[in-house]
Amino acid sequence: WEFNGSFYQPSAFLMMGIPGLEALHHWISIPFCALYLIALSGNCMILFIIKKTQSLHEPMYYFLSMLAVTDLGLVLCTLPTTLGIFWFNMRRIGFDACLTQMYFIHILSFIESSVLLAMAFDRFIAISHPLRHPSILTKTTVIKIGLAILLRGMVSLLPVPFLLKRLTYCGKTELSHSFCFHPDIMKLACADIKVNVFYGMIILLSTVGMDFIFIVLSYILIFKTIISLATKEECLKALNTCVSHICAVLVFFIPMIGLSMIHRFGKNVPPLLYTLVAYTYLIIPPALNPIIYSIKSSQIREALLRALQRKSE
């Protein structure tokens, strides 16, 4: 412990793998390695294809590039500590290192939420106002949206590490996951955490909560437009352009909402379920998003096939 008057701060925290299955960590690491490999290779492939294919240089795929970069960041944030526990039982993480990891995990989660909102806005404009789409979402506008998303995440979460650093910690230093999470660290403090709870709730509702509401509103307007289309073929064609994004939204928001509810209200939830929801939230979306877009987007699929054919030649 580091002692400063009546102020106690741990020099390190102890991370947790999968509770009750510690003896099987080496075997459990195999599916985790597979998911990390899929996430890394899939998102890098998406970025490579979009960069090399001129026909994909449009707003929808620029936003998809932002999503892929964000997913890569989430993977790289959690991979070292997760595999460190499974392979080498390296549970210890320094206090400042833990706060740094937590900050970037939350920033990237908030950025992913905002990018999904931007993609919903792009789909709304493309379907409801197709003729105005190129003039509304220009390349400059997309860059400005991307910078605004990044700035919003960084600024809104900047106070969080300092709010945790001011707390006095005592007793348990064992975290619930193989990565650092704000509610998880906060619960280890033996000081008044009302400010942390209030600020965390306000930021979550004003960012991710508002993003989700606006995504739902966007799709209500999109479906109203689709229903008004003349033929069934036009309806299906318009709806098909949204399927990938709807899947990405569900894959991201369902585990995130579940984890937030468990942290705040799930006092009697089994630790194993708690851990599995956390891993689902941070590892499954980065692995599934490239697969979803590769399967559902004919343009990405065709560009990928062309790239593979060139390599085989």
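So, how was this worked out
Residues numbered from 1 in each chain as written. Predicted model: local features only at pLDDT ≥ 70, side-chain atom pairs only at ≥ 80, totals over all residues. Heavy atoms only, no water. Helix = DSSP H or I, 4+ residues; strand = E, 2+ residues; numbered from the N terminus. Buried < 20%, exposed > 50% of the residue type's maximum accessible area, 1.4 Å probe, protein only. Contact = heavy atoms within 4.5 Å. Phe/Tyr/Trp six-rings, centres within 6.5 Å; stacked < 30°, edge-to-face > 60°. Core = buried A, V, L, I, M, F, W, Y, C linked by side-chain atoms within 4.5 Å. 1 Å grid on protein atoms, 1.4 Å probe; cavity = no way out; pocket = protein on both sides within 12 Å on 5 of 7 lines; lining within 4 Å. Points joined across faces, edges and corners; volume = space filled by probe spheres on them. Nonpolar A, V, L, I, M, F, W, Y, C, P; charged D, E, K, R; others polar. UniProt positions renumbered as here; feature names shortened; annotations may be inferred. Polar contact = N/O pair within 3.5 Å; in protein donor to acceptor, adjacent residues only side chain to side chain. Salt bridge = Lys/Arg side-chain N within 4 Å of Asp/Glu carboxyl O.

Chemist: Summarise the environment of Phe-88; cite the residues concerned and give the values.
Modeler: Along the chain, the position of Phe-88 falls in helix H2 (residues 59–88). Residue class for Phe-88 comes out exposed when judged on its relative accessible area of 58%. Sequence separation of Phe-88 and His-25 is 63 residues, and the distance between their C-alpha atoms is 9.5 Å.

Chemist: Account for the environment of Tyr-279, naming residues and giving values.
Modeler: Within the secondary structure, Tyr-279 is located in helix H10 (residues 271–296). Residue class for Tyr-279 comes out buried when judged on its relative accessible area of 5%. When near neighbours in sequence (up to four residues on either side) are disregarded, Tyr-279 contacts Met-16, Gly-17, Ile-18, Phe-32, Thr-82, Phe-86, Ser-178, Phe-179 and Ile-284.

Chemist: Describe in detail the packing of aromatic side chains, supporting the description with residues and values.
Modeler: Throughout the structure, instances matching the rule amount to 15 aromatic pairs. Relative to Phe-104, the ring of Tyr-103 lies with its centre 5.6 Å away and its plane at 70°, an arrangement referred to as edge-to-face. With a centroid separation of 5.0 Å and 85° between ring planes, the pair formed by Phe-252 and Phe-253 is classed as edge-to-face. Both residues of the pair, Phe-252 and Phe-253, belong to the buried class. Put simply, the rings of Phe-32, Phe-86, Phe-179, Phe-181, Phe-212, Phe-252, Phe-253, Tyr-279 and Tyr-281 pair up and form one aromatic cluster.

Chemist: For the nonpolar core, give the residues involved together with the corresponding values.
Modeler: Counting 87 residues, the largest nonpolar core has Phe-13, Leu-64, Leu-116, Leu-164, Tyr-169 and Ile-185 as the members making the most contacts within it. For this core, the element with the most residues is helix H3 (residues 95–128), which contributes 19 residues. Contact partners of Leu-116, with chain neighbours within four places excluded, come to Leu-67, Ile-215, His-245, Ala-248, Val-249, Phe-252 and Phe-253.

Chemist: Tell me about the layout of surface pockets, and please be specific about residues and values.
Modeler: There is about 510 Å³ of room inside the largest pocket. Elements with a minimum of two residues in the lining of the largest pocket: H2, H3, helix H9 (232–265) and helix H11 (298–312). No other element matches the six residues that H9 contributes to the lining of the largest pocket. When grouped by side-chain class, the residues that make up the lining of the largest pocket number eight nonpolar, seven polar and five charged.

Chemist: I'd like to hear about the UniProt feature "transmembrane region" (unreviewed entry) in the protein chain, residue by residue, with values.
Modeler: According to UniProt, the positions carrying the feature "transmembrane region" (unreviewed entry) are residues 24–50, 62–88, 100–121, 142–164, 197–222, 243–266 and 272–292. Across residues 100–121, the secondary structure splits into 100% helix and 0% strand, with the terminal C-alpha atoms separated by 32 Å. Along residues 197–222 the backbone is 100% helical and 0% strand, and the end-to-end C-alpha distance reaches 36 Å.

Chemist: Just give me the short version of empty space enclosed by the protein, but keep the residues and values in it.
Modeler: Rolling a probe over the atoms, with the probe sized like a water molecule, indicates the empty space that remains. Within this structure, the stated rule accounts for three cavities of 30 Å³ or more. Its boundaries defined by the atoms lining it, the largest cavity holds a volume of some 220 Å³. At the level of elements, H3, helix H7 (182–186), helix H8 (194–227) and H9 are the ones that each hand at least two residues to the lining of the largest cavity. By residue class, the composition of the lining of the largest cavity is 11 nonpolar, four polar and one charged.

Chemist: Quick one: what's the story with the environment of Ser-135, residue by residue and with numbers?
Modeler: Tracing the sequence through the fold places Ser-135 in helix H4 (residues 133–136). On the accessibility criterion, Ser-135 (55% relative accessible area) is exposed. Separated by 2.8 Å, the side chain of Ser-135 and the backbone oxygen of Arg-132 make a polar contact.

Chemist: Kindly report on the pattern of salt bridges, identifying the contributing residues and their values.
Modeler: This model, assessed by the stated rule, comprises four salt bridges. Residue Arg-91 pairs with Glu-174 through a salt bridge whose shortest N-O separation is 2.4 Å. Of this pair, Arg-91 sits in the loop between H2 and strand S4 (92–94) while Glu-174 sits in the loop between helix H6 (159–165) and H7; the two residues are 83 residues apart in sequence, bridging distant segments of the chain. According to the relative accessible area criterion, Arg-91 is partly exposed, its value standing at 25%. Notably, a salt bridge pairs Asp-96 with Lys-165, separated by 2.6 Å at the nearest N-O pair. Taken together, the residues Asp-96 in helix H3 and Lys-165 in helix H6 connect sequence positions 69 residues apart.

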